[in-house]
Structure formats: C-alpha cells, structure tokens
Amino acid sequence: MTLLRERSDRRQAAPPDDGGLLVGLLLTARPKQWIKNVLVIAAPAAAGELFSVRALTRLALVFVLFTACAAAVYLVNDARDAEADRAHPVKCRRPVAAGRVPVPAAYAAGTALGVLAPFAAARLCPPEVAALLTAYLAMQLAYCVSLKHVLVVDLVVVTTGFLMRAAAGGLALGIPLSRWFLITTGFGALFMVAAKRYSEAVQMAGKAGATRALLTEYSTGYLRFVWQLAAGVAVLGYCLWALEEGGVPHTSVLPWRQLSVVAFVLAVLRYAVFADRGTAGEPEDVVLGDRALAVIGLVWAAMYALAVVDW
C-alpha cells in the first residue's frame, strides 16, 4: 500500500504531459468511443432512408449531439473517479487521474457540454430527440453517481445507452422502429456489455486496484450466462426479422435478407471467441482490431444494403 501511495503521489506531482489542457480534455472525452454514436444511422439505414441531404444533415447533427452528451458524462465520471483511477494499472493513465487535467476543469467542461447539448437539441431537432438526449444524459449521470454500484441495473443502464443511440436516428427522421430492430439491438448491446464485464472480471481476478467494485459481486459464471443468453436472443430476433416476409416475396436476385443471417451469426460467434477468452474489454477495439470480424461485418453490411435496395 505504501508503494502504491508513493506512485500515486509521483503521478500527482508530475508535470502535465505534452499537449496541454485542451488535448487532455479531448482525450478524457474518449474519441475512440465516439464510434458507438454511429448507431444513430442504424434505423434509417434499415428503412432505406439514409442517402438524402435531409437525412444525412439531421443524422450528422444527432451524432454530434450524442457525442457531446457522452463526452460530458466521461468528463464528470473521470473527475469523480480520479482518486480511484490512480490505483488502477491502466486507468491511472487517464488525463484527470494522471494530473494533466485538473478535476475542476473536467467538471466545468462536462457541465458546459451537458447543458449546451440538450439546449441545442431542443432548438434544432424534433422534440422526441431532445427528450431522448435529455433522458440519456440524466440516466448516464445517475449511473456515474450511484447506478453503477447496483447489481444488474448497471448492465441495463449501459445497454439502454446503446439502444437510445439506435433509436435516436429513427426519431430524428420520423421512422417507425421495428420490434425486431429494438430486440436485436438491445440484446446485441447487452451481449457486448456483459462480455466486457466478464473480460474485466477475468483480467482483474486476484489483482488489487479494481476501480469497478461491483465486479467483485458478480461471478464470472453469472456474467458468462448473461452474455450467452443475450447473444442467443439477439440472433433469434435477427432471424425472425430476416425470415419475416410479410406475405410479399422478394424480387431481388437473391434473398439477401435471409442470407444476411449467416453473416450475422458468424459475427456473433467470432465476437464470442474474444468474450470466452476474457479479451472483449472494449467493443470498439474488438470490432476494429480483428480482421476476420471486420471482413464478416463488411459482408453482412453488403448483404443488408442489397436487401434494403432490393437488388
């Protein structure tokens, strides 16, 4: 403990790293995590209403607003957890924990983004989108303060954040959201969230310095059960969507919608390899870092697009 305290003191006393305060704030906002906000295009893409100037403009705005809200949450979260993060072998390098960004500056930047983003949404977006963003911000801040310490609720909150992103694009363009779309997106998100928690639990087992205290209350067996259950429901939901013709036969060269089930299942199985190994810590790192998964994703996207345009 003494050695740990000395290391923490040295980090606090160390001069700010290269880049200064603005770069530190940008890094605290987690640019790598912004890829999650691309989910706002999911519903419009599924409905075939993605490629118009109006749609692209509206979706770009929603993407920016969601990014601002998420950045606000990350800034407040890192400011609150700065002391605990200094004891973590990886999180100690975060700008706030490392002393590059003062805690008051992180709180100030987070508060500013948290106020401006919903205000801009109320002025520039449909009321449903503004309400969704406000609810997302309130839920995530409640998560930072207390909900992340409540069993199961923490999984539900993070999963709901993904679902809200996916729903926002449809609400922005007035597109009805399919029940299968919501089921597949929701349980697909739960699959990745539970796999991430499982990986964290496996990697931190027997080690000191875990900042997510709730991990000690989950068993790895329970988290494995959750991600396996979620993966199964997500696949089932996608299959039911793909096989539901609504009485209208396809007129395309091949039944792309049905064929896309193969790519979807392969993607889930490939991701499950990393979940099973306990290396699915960050979904974006898994998706972007594995070449085979990236190729499967591109094949699925191509089939999905062909199904939408009925080629």
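The structure displayed is predicted, hence computed values, not measured ones.

Draft legend 1. Structural detail: the overall build of the chain. Looking only at helices and strands, one finds 14 helices and 0 strands in the chain. When the helices and strands of the chain are read in sequence order from the N terminus, they spell out α-α-α-α-α-α-α-α-α-α-α-α-α-α. Counting only residues that meet the buried cut, the chain has 43% of its 311 residues in that class. Of all intrachain contacts in the chain linking residues separated by at least 6 positions in sequence, the fraction that spans at least 24 positions is 74%.

Draft legend 2. Up close: a nonpolar patch on the surface. Together, Leu-151, Val-152, Val-156, Tyr-222, Phe-225 and Leu-229 make up an exposed nonpolar region whose accessible area comes to about 500 Å². Broken down by element, the nonpolar patch gets its largest block of residues, 3 residues, from helix α11 (residues 220-243). Its place among the elements puts Leu-229 in helix α11. Judged by relative accessible area, which is 45%, Leu-229 ranks as partly exposed.

Draft legend 3. Representation of unusual backbone geometry in the model. In this structure, Arg-30 is a non-glycine residue whose phi angle is positive, near 60°. Locating Arg-30 in the fold gives a position in the loop between α2 (20-28) and α3 (42-46). The backbone of Val-152 sits at a positive phi, close to 70°, despite the residue not being glycine. By the element assignment, Val-152 lies in the loop between α8 (127-145) and α9 (153-173). Under the relative-accessibility criterion, Val-152 is labelled partly exposed at 37%.

Draft legend 4. How the structure looks around the confidence of the model for the chain. Chain-level statistics for the chain give a pLDDT mean of 85 and a share of 88% at 70 or above. Predicted confidence for residues 1-17 stays below pLDDT 50, and this span has 9 contacts to residues more than four positions away or in other chains.

Draft legend 5. Main features of the UniProt feature "transmembrane region" (unreviewed entry) in the chain. The UniProt feature table records "transmembrane region" (unreviewed entry) at residues 59-76, 97-117, 129-145, 177-195, 222-243, 255-274 and 286-307. With 89% helix and 0% strand, residues 177-195 has end C-alpha atoms that lie 26 Å from one another.

Draft legend 6. Quick look at the environment of Pro-44. Locating Pro-44 in the fold gives a position in helix α3. Residues Pro-44 and Gly-174 lie 130 residues apart in sequence; the distance between their C-alpha atoms is 9.3 Å. Residues within four places of Pro-44 in sequence aside, it is in contact with Glu-49, Leu-50, Leu-59, Gly-169, Gly-170, Leu-173 and Ile-175.

Draft legend 7. View of the environment of Glu-200. Structurally, the position occupied by Glu-200 is in helix α10 (residues 179-204). Residue class for Glu-200 comes out buried when judged on its relative accessible area of 16%. In this structure the C-alpha to C-alpha distance between Glu-200 and Gly-281, which are 81 residues apart in sequence, comes to 6.3 Å.

Draft legend 8. Structural context of the pattern of salt bridges. Tallying each qualifying case throughout the model produces 11 salt bridges. Where Arg-30 meets Asp-78, a salt bridge forms, and the shortest distance between an N and an O atom there is 2.8 Å. Residue Arg-30 is located in the loop between α2 and α3, and its partner Asp-78 is located in helix α4 (residues 53-80); the two are separated by 48 residues in the primary sequence. With a relative accessible area of 14%, Arg-30 lands in the buried category. On the basis of relative accessibility, which here comes to 1%, the residue Asp-78 falls in the buried class.

Draft legend 9. Region of interest: α10. Its 26 residues give α10 an end-to-end C-alpha distance of 37 Å, which sits within 8% of 38 Å, the value for a rise of 1.5 Å per residue. Its side-chain oxygen 3.1 Å from the backbone nitrogen of Trp-180, Ser-178 forms the N-cap of α10.

Draft legend 10. Just the packing of α10 against α11, in detail. Contact geometry of α10 with α11 gives a least axis separation of 8 Å together with a crossing angle of 155°. With respect to their mutual orientation, α10 and α11 come out roughly antiparallel. By crossing handedness, the relation of α10 to α11 is classed as left-handed.

Draft legend 11. Structural detail: the environment of Ala-45. Within the secondary structure, Ala-45 is located in helix α3. Since its relative accessible area comes to 24%, Ala-45 is described here as partly exposed. Each C-alpha atom of the pair Ala-45 and Tyr-304 lies 9.0 Å from the other, and the pair is 259 residues apart in sequence.

Draft legend 12. Layout of the packing of aromatic side chains. For the structure on display, the rule yields 10 aromatic pairs. Relative to Tyr-222, the ring of Tyr-218 has its centre 5.8 Å away and its plane inclined at 5°; by these criteria the two rings are stacked. Accessibility expressed as a relative area gives 32% for Tyr-222, which makes it partly exposed. Ring geometry for Tyr-222 versus Phe-225: centroids 6.4 Å apart, planes at 45°, classification tilted. In this pair, Tyr-222 and Phe-225 both sit in helix α11, 3 residues apart, roughly one turn of the helix. Phe-225 gets classed as partly exposed once you look at its relative accessible area, which sits at 46%. Pairwise contacts between aromatic rings join Tyr-238, Trp-241, Phe-264, Trp-300 and Tyr-304 into one cluster.

Thresholds applied
- Residues numbered from 1 in each chain as written.
- Predicted model: local features only at pLDDT ≥ 70, side-chain atom pairs only at ≥ 80, totals over all residues.
- Heavy atoms only, no water.
- Helix = DSSP H or I, 4+ residues; strand = E, 2+ residues; numbered from the N terminus.
- Buried < 20%, exposed > 50% of the residue type's maximum accessible area, 1.4 Å probe, protein only.
- Contact = heavy atoms within 4.5 Å.
- Patch = residues over 30% accessible without salt bridge, like charges linked within 9 Å, V, L, I, M, F, W, Y side chains within 5 Å.
- Areas by Shrake-Rupley, 256 points an atom, 1.4 Å probe, with all protein chains shown as cover.
- Salt bridge = Lys/Arg side-chain N within 4 Å of Asp/Glu carboxyl O.
- pLDDT = per-residue confidence, 0-100.
- UniProt positions renumbered as here; feature names shortened; annotations may be inferred.
- Expected span 1.5 Å × (residues − 1).
- Polar contact = N/O pair within 3.5 Å; in protein donor to acceptor, adjacent residues only side chain to side chain.
- Axes fitted to C-alpha atoms, helices over the stretch in contact; angles between N-to-C directions.
- Parallel < 35°, antiparallel > 145°, perpendicular 65-115°, else oblique.
- Left-handed = near helix turned anticlockwise from the far one by under 90°.
- Phe/Tyr/Trp six-rings, centres within 6.5 Å; stacked < 30°, edge-to-face > 60°.

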